[in-house]
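Chain residues, written in single-letter form:
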Amino acid sequence: MASICQGKSSWPELLGVDGKCAVATIERENPLVEAIIVPEGSSILANFRCDRVRVWVDKDGVVYLVPVIG
């Protein structure tokens with residue numbers, strides 16, 4: 001199924017990377033999105049947005065889930 005969102009939509013290469021570095025990479029590679037750091041265990045709204053990428057980080061600030069548009 002084709003994505004309705006424009007530009008790069010997934011960043012599997014950022015697993016294990018520092019969250020702040022991941023945010024910078026995502027926003028550089030797809031300027032249509034805002035990357036947001038989300039600490040492990042945080043509650044979020046489950047709404048889908050083409051202009052947002054959640055960057056899930058562990059207690060050490062390291063990305064532990066593949067960042068994707070949504």
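Everything numeric in this text was worked out from a predicted model, so none of it was measured. (Residues numbered from 1 in each chain as written. Predicted model: local features only at pLDDT ≥ 70, side-chain atom pairs only at ≥ 80, totals over all residues. Heavy atoms only, no water.)

1. Quick word on the side chain of Arg52
Following the sequence through the fold, Arg52 ends up in strand β2 (residues 52-57). Despite its burial, Arg52 pairs with no opposite charge; the closest candidate is Asp51, at 6.1 Å N-O. Among the polar contacts made by the side chain of Arg52, one reaches the main-chain carbonyl oxygen of Asn47 at a distance of 2.5 Å. Looking at Arg52, its side chain comes within polar contact range of the main-chain oxygen of Gly70, at 2.5 Å. Excluding its chain neighbours within four sequence positions, the residues that come into contact with Arg52 are Val33, Glu34, Ile36, Asn47, Val68, Ile69 and Gly70. (Helix = DSSP H or I, 4+ residues; strand = E, 2+ residues; numbered from the N terminus. Buried < 20%, exposed > 50% of the residue type's maximum accessible area, 1.4 Å probe, protein only. Lys, Arg positive; Asp, Glu negative; His and termini not counted. Salt bridge = Lys/Arg side-chain N within 4 Å of Asp/Glu carboxyl O. Polar contact = N/O pair within 3.5 Å; in protein donor to acceptor, adjacent residues only side chain to side chain. Contact = heavy atoms within 4.5 Å.)

2. What to know about the nonpolar core
In this structure, Trp11, Ile26, Ala35, Val53, Val55 and Ile69 are the most contacted members of the largest nonpolar core, which totals 13 residues. Residues in contact with Ile26, not counting those within four places in the same chain, are Trp11, Leu14, Val33, Ala35, Val53, Val55 and Pro67. (Core = buried A, V, L, I, M, F, W, Y, C linked by side-chain atoms within 4.5 Å.)

3. Structural notes on the pattern of salt bridges
In total, this model carries 4 salt bridges according to the counting rule given. With its nearest N and O atoms 2.7 Å apart, the salt bridge here joins Glu13 to Lys8. According to the relative accessible area criterion, Lys8 is partly exposed, its value standing at 31%. Notably, a salt bridge pairs Glu29 with Lys8, separated by 2.8 Å at the nearest N-O pair. Of this pair, Glu29 sits in helix α1 (residues 19-29) while Lys8 sits in the segment before α1, and the two are 21 residues apart along the sequence. Assessed through its relative accessible area of 35%, Glu29 is described here as partly exposed. Through salt bridges that share partners, Lys8, Glu13 and Glu29 make up one connected network.

4. Focus on a nonpolar patch on the surface
Where nonpolar side chains cluster on the molecular surface, the patch consists of Leu15, Val66 and Val68 and spans about 210 Å² of accessible area. Look at Leu15 and you get partly exposed, because its relative accessible area is 42%. (Patch = residues over 30% accessible without salt bridge, like charges linked within 9 Å, V, L, I, M, F, W, Y side chains within 5 Å. Areas by Shrake-Rupley, 256 points an atom, 1.4 Å probe, with all protein chains shown as cover.)

5. Some thoughts on α1
Looking only at α1, the buried set comprises Gly19, Ala22, Val23, Thr25 and Ile26. One side of α1 carries all its buried residues, which in axial view fall inside an arc of 165°. Away from its buried face by more than 90 degrees, α1 exposes Lys20 and Arg28. Taken together, the buried residues of α1 touch β1 (34-39) and β2. Near the N-terminus of α1, the side chain that reaches the backbone nitrogen of Lys20, with its oxygen 3.1 Å away, is that of Asp18. (Arc of directions from axis to C-beta.)

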